[in-house]
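This is what each chain is made of:
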Amino acid sequence: MVRARFNAVLLENARRAGARLIERRVRLTRLDGGDRVRLDEDSLQAASDCWEGEGPDLIVDATGRANLVGRALDIPMQPGPRRDVALFAHVDETELVDPGYVHNDRIDRGWCWRIPLPGRVSLGLVVPREYADGHGDSPDAQYDRLLRADPVLRRLAPKARRLTPVLRFDNYQSLSSRLVGENWVMLGDSAGFVDPVFSSGLLVAMKGAYQLAQALGEGVPLARYEQAVKAHLRAWFEIVGYYYDGRLMTSIERGREMADGLAGRLLLPWVSRRIAAIVIGAATTDRFNLGLLRFLVDARFGLYGRDPGKYRIH
Ligand SMILES: Cc1cc2nc3c(=O)[nH]c(=O)nc-3n(C[C@H](O)[C@H](O)[C@H](O)COP(=O)(O)OP(=O)(O)OC[C@H]3O[C@@H](n4cnc5c(N)ncnc54)[C@H](O)[C@@H]3O)c2cc1C
């Protein structure tokens, strides 16, 4: 679904559930040098009939990469292991195996996604920063040159015409060291973001929203919400790591080769369901599933004798 339509559905449902929208760009400041934050005066005025007293009891920071609370309180963001940049735009056409699916491919350095949208394709490149910088001075120049320079992209998008300016995201892998404070809580990307590869961003944000609503509704300490979100993000960091180091694809290849044997016929459907439940986000933090994945990608067990180098993302 196109993001704007998805956002409209969310907003409509929030309104139906009783939420009021006061549309404005807010600022946050630290209160008295402590762990509390305060909305700017104009925002407090604009929403003054929403609460009794001076201001809201709790501020939920869902401002994405703007991370307002983290910036106001100088909360460190722990960077992830990769230092890639994402360059993305919409183009008119690319090769598509099946227009109903998101496509991911390895390229010379890094990988690319192709997401079919009505009348266009979202084409994104995730490459090491120095590699992008070596292809031009602006995101547009880097993207356009990479499309022409990379042999895989030349095959996948030989006639692609860019329809939008290129967006570039740097340093997107991050995890806030704290998610909860005296009168604030972080949600979605403001709490952390792993990587675009398995499209986990919206899942983490949406699941976090449910967990936060549930914790607030039931009066559960928010520390438990923080633990759950951090566990979710860490699980994705681990899974994404197996994608980049080539072990995940090597293990899938191994599974395919076993498919016709007796052990494969008996075990593969069960294993596939468990691993699929991790990757689609249905049971990403399930201990048993994660244990099974670790076994499958372990050089001594699942990968026995296999070199994952073939599928490593450079
Ligand atoms: C390159 C890339 C590709 C991605 N691809 C996918 C994908 O295919 N699938 C997927 O699920 N996820 C994807 N993601 C991740 C996804 O976009 C995010 O995880 C998701 O948007 C997080 O939602 P959010 O609500 O936390 O933040 P956002 O979607 O960033 O929303 C934050 C909102 O806060 C508002 N805001 C910011 N500052 C202020 C302020 N001062 N006052 C008022 N409002 C403010 C912004 O305007 C915005 O509306 C991708 C991310 C990247 C970097």
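So, how was this worked out
- Throughout this description, residue numbers start from 1 for each chain and increase along the sequence as written.
- Side-chain atom pairs in this predicted model are given and counted only at pLDDT of 80 or more, local residue features only at pLDDT of at least 70, and totals for whole chains, interfaces and linings cover all residues.
- Heavy atoms from the whole structure form the basis of all side-chain values; hydrogens and water molecules are not counted.
- Strands here mean DSSP runs of E at least two residues long; helices mean DSSP runs of H or I at least four residues long; both are numbered from the N terminus.
- Think of it in three bands: with a 1.4 Å probe and only protein chains considered, a residue is buried below 20% of the maximum accessible area for its type, exposed above 50%, and partly exposed in between.
- In this description, contact between two residues means that some pair of their heavy atoms is separated by no more than 4.5 Å.
- Residue burial considers only the protein chains on display, and all accessible areas are found by Shrake-Rupley using a 1.4 Å probe.
- Neither His nor the chain termini are counted; the positive set is Lys and Arg, and the negative set is Asp and Glu.
- Where a charge sits is defined by one atom per residue type, namely NZ (Lys), CZ (Arg), CG (Asp) or CD (Glu).
- Two strands are counted as paired when DSSP detects at least two bridges linking them.
- The convention used is that axes are lines fitted to C-alpha atoms, helices contributing only their stretch in contact, and that angles between N-to-C directions extend from 0 to 180 degrees.

By the naming in an unreviewed UniProt entry, the protein goes by Oxidoreductase and is assigned to Methylomarinovum caldicuralii.

Visitor: Go over the overall build of the protein with me, naming the residues and quoting the values.
Guide: Summing up its helical and strand segments, the protein has eleven helices and twelve strands in all. Projected onto the principal axes, the alpha-carbon positions of the protein cover approximately 70 × 45 × 35 Å. For the protein, with 314 residues in total, the buried portion stands at 39%. Partitioning the intrachain contacts of the protein with sequence separation of at least 6 by distance along the chain shows that 65% fall at a separation of at least 24. Accessible surface, the protein: about 17700 Å² in total, of which carbon and sulfur atoms supply 54%. Taken together, the 45 basic and 40 acidic charged side chains of the protein have centroids lying 5 Å from each other.

Visitor: For the sheet that holds strand S5 (residues 84-91), give the residues involved together with the corresponding values.
Guide: Reading across from one edge, S6-S7-S8-S5-S9 is the order of the five strands in this open sheet, with antiparallel pairing throughout. The strands lining the two open edges of the sheet, one partner per strand, are strand S6 (103-106) and strand S9 (167-170). On average, adjacent strands in this sheet sit at an angle of 15° to one another, irrespective of strand direction. Looking at chain direction, strand S7 (residues 111-117) and strand S8 (residues 120-128) are connected through seven bridges and run antiparallel. By the bridge assignment, Cys112 is partnered in S8 with Leu125. Sheet contacts for helix H5 (residues 139-149): S5, S8 and S9; angle to S5, the most-contacted strand, approximately 80°.

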